[in-house]
Amino acid sequence: MPRFPKPIAALLILAASALPVLAQEATVQAGQTPEAPGSQTQGSEIQGSETETVETQDKDLTSMAVIEQAWQRGDYVLVREGLRQLAEETGAPLAQYRYGRVLAEGRGGPRDLPGAMTWLERAVAQSHAEAATLLAEILLAADLPDVTRDAPRAVSLLTGAAARGHAAAQYALARLALAGDGMERDPGAAFTWFLAAAEQGHAAAQFDLARAYIDGTGTDRNPPEALRWLEEAATVGHTEAQVFLALSYDEGRLRPADPAQALRWYRRAAEAGLPLAQRLLGTHYLNGTGVPADATEALRWLEEAAEAGDPGAMNNLGQAYAMGGLLTQDDARAYHWYERAARVGLPQSVTALAALTEAGRGTAADPDRAIALYRQAAEAGHRPAMQRLGRMAGAGALDGRLAPQRAVPWAAVAALEGDAAALDWLTARAGEDMPDAQAMLGRVLLQDSAGQPSRQAEATGWLIRAAGAGDVPAQALLGQAYAGGDHGLAQDYVAAHSWLNLAAGAGDEPSAETREVIAALMTPEQIAEAQTRARKLHADIAARVPATVQTVTGSP
């Protein structure tokens, strides 16, 4: 069964202490006189036999006292029946709203979103702000059964409720205005609604208002106001605000650094169950940052965060056990925590797991699995994994396991980091007429060619060979270099236009834009010459015989 997103789930929580009062108010609205909490009738219902209670319930399910008892003992079937009767018989908007909530939440029976929306609409028709807000939240949810998302209608509902001073509606409307969901994006209006809700004590609005003051979203940047609202939200228990405030004290961003205050707010959020705060607090104890290093406290908070699913905490535990120090080095535990973090896709943990697997620490050495893990992290953009694979290529550790073409970008990363063996490997592949290796080698050499004409000439020579073989990035780079007279090349609009034309034809938009700029500076004869060159280059590229994919014994 689909679950409500957090904003809806929060609205659907029925507070046990609030329900009886609301039921009593509904009775008063209907023109009835509620029984006093201390009356004999109420006392007999609480203290009498089960038979007496059932008889009373059968007679009057709309009694506030009966619904109160049912809610407190978890009898949501009776709550649902009682609210239905109250809504149908009295027509009170509060009863309609409460019944709609019960249906939406699935208390005392199946979840009935169409029915919930019907009753909420009836309450909205009587200007009930809470009903309008809940109905709007349902209409904003995605992938709910029997509900078509309708952001514009939600905006209309929230606008009416917000104008009547309903803080939750003001906050929800602010977020829609900020995102441009169901309305034109309007940071200024978002700020106004955040401020209105914040001034009524809405903690989430206070937090978002603080962020608006920090970023200057919809208002001028105002660090003192940001700090004030951040403290307001943190003080009433908003855990994200507590962490943000702790980071501010930790790093001295909104006020002078204060490690003691930072630890205080980290702890408050951690004890409230926020995994991020638990991880940060545990890491402070692990590293002895602003507090004496303490292995017991470090493990307590890091493990709690890790068990709650925080991948950063898992990674930090893996690192702590792998390196040793405050914690006793334990490769098996390091492997365990890195593996758990890797399962949720944290790239640095995948790289660390690959390193342990390569070295046979905490597990049997397995070069093929290590390579596969490094590749997984590299494909996720983790540069240390790319660098390690490049070093392995330079050392010959990938020979027979991967096609050389796949290792070219990794070797370039390692070469840029100063690995001579990786540079030699890349040069050898370029010499084998591998266009991507030629293009990468040209870029690597350009990075280290300032003030060295011979180095620049070597770099552009490889780029020309790669571009002539059809490498689009090399074509684009050459075109830009000729256009500006960069990298030791003389400015040449004809050459620039021809290379840019090829790259643009392959879909490179920046090349198309530069080509149009330099075309305005060229004579018709120069443009014609450039187009002739481009056609010839294109024909030569098309006539090239594709390189044969080399056979390898491992994975491709």
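This section reports on the structure supplied with the text.

What counts and what doesn't
Residues numbered from 1 in each chain as written. Predicted model: local features only at pLDDT ≥ 70, side-chain atom pairs only at ≥ 80, totals over all residues. Heavy atoms only, no water. Helix = DSSP H or I, 4+ residues; strand = E, 2+ residues; numbered from the N terminus. Buried < 20%, exposed > 50% of the residue type's maximum accessible area, 1.4 Å probe, protein only. Contact = heavy atoms within 4.5 Å. Areas by Shrake-Rupley, 256 points an atom, 1.4 Å probe, with all protein chains shown as cover. Phe/Tyr/Trp six-rings, centres within 6.5 Å; stacked < 30°, edge-to-face > 60°. Lys NZ or Arg CZ within 6 Å of the ring centre and 35° of its normal. Polar contact = N/O pair within 3.5 Å; in protein donor to acceptor, adjacent residues only side chain to side chain. Salt bridge = Lys/Arg side-chain N within 4 Å of Asp/Glu carboxyl O.

Along its length, the protein chain carries 31 helices and 0 strands. Looking at the protein chain as a whole, 44% of its 556 residues are labelled buried. Taking all contacts inside the protein chain whose residues are at least 6 apart in sequence as the whole, residues at least 24 apart take part in 50%. Surface accessibility of the protein chain: about 26100 Å² in total, with carbon and sulfur atoms responsible for 51%.

Here we come to the packing of aromatic side chains. Here the structure, examined in full by the defined rule, presents 5 aromatic pairs. Between Trp71 and Tyr76 the ring centres are 4.9 Å apart and the planes differ by 70 degrees, which places this aromatic pair in the edge-to-face class. For Tyr76, a relative accessible area of 25% corresponds to the partly exposed category. With 5.5 Å between their ring centres and 70 degrees between their planes, Tyr99 and Trp119 make a pair best called edge-to-face. You can see Tyr99 sitting in helix α7 (residues 93-105) and its partner Trp119 sitting in helix α8 (residues 113-124), a full 20 residues away along the chain. The exposure classification of Tyr99 matches that of Trp119, with both residues buried. Residue placement shows Arg253 over the ring face of Phe244; its charged tip is 5.3 Å from the ring centre. The ring of Trp425 has Arg429 lying over it, and the distance from NZ or CZ to the ring centre is 5.1 Å.

This next bit is on the environment of Gly461. If you trace the backbone, Gly461 turns up in helix α27 (residues 453-468). The class of Gly461 is partly exposed, set by a relative accessible area of 30%. C-alpha separation for the pair Gly461 and Gly442, spaced 19 residues apart in sequence, amounts to 7.5 Å.

With respect to the helices, strands and loops of the structure, Asp419 is situated in the loop between α24 (404-416) and α25 (420-431). At 3.3 Å, the side chain of Asp419 and the backbone nitrogen of Ala421 are in polar contact. Apart from the residues within four sequence positions on either side, Asp419 is in contact with Arg391 and Ala414.

Here we take up the environment of Gln329. Its place among the elements puts Gln329 in the loop between α19 (311-323) and α20 (331-343). Put simply, Gln329 and Gly318 are 11 residues apart on the chain and 10.0 Å apart in space, counted from C-alpha to C-alpha.

Now for the pattern of salt bridges. Taken as a whole, this structure holds 26 salt bridges when the rule is applied. For Arg84, the salt bridge identified is with Glu88, shortest N-O distance 3.1 Å. Of this pair, Arg84 and Glu88 both sit in helix α6 (residues 76-90), 4 residues apart, which is roughly one turn of that helix. For Arg84, a relative accessible area of 30% corresponds to the partly exposed category. By relative accessible area, Glu88 is classed as partly exposed at 47%. When the shortest N-O distance is used, the salt bridge between Arg401 and Asp368 registers 2.7 Å. Within this pair, whereas Arg401 is found in the loop between α23 (383-394) and α24, its partner Asp368 is found in helix α22 (residues 367-379), the two being separated by 33 residues in sequence. Of the residues examined, Arg401 reaches a relative accessible area of 28% and is grouped as partly exposed. Several salt bridges share partner residues, and in doing so they unite Arg267, Glu297 and Arg300 into one network.

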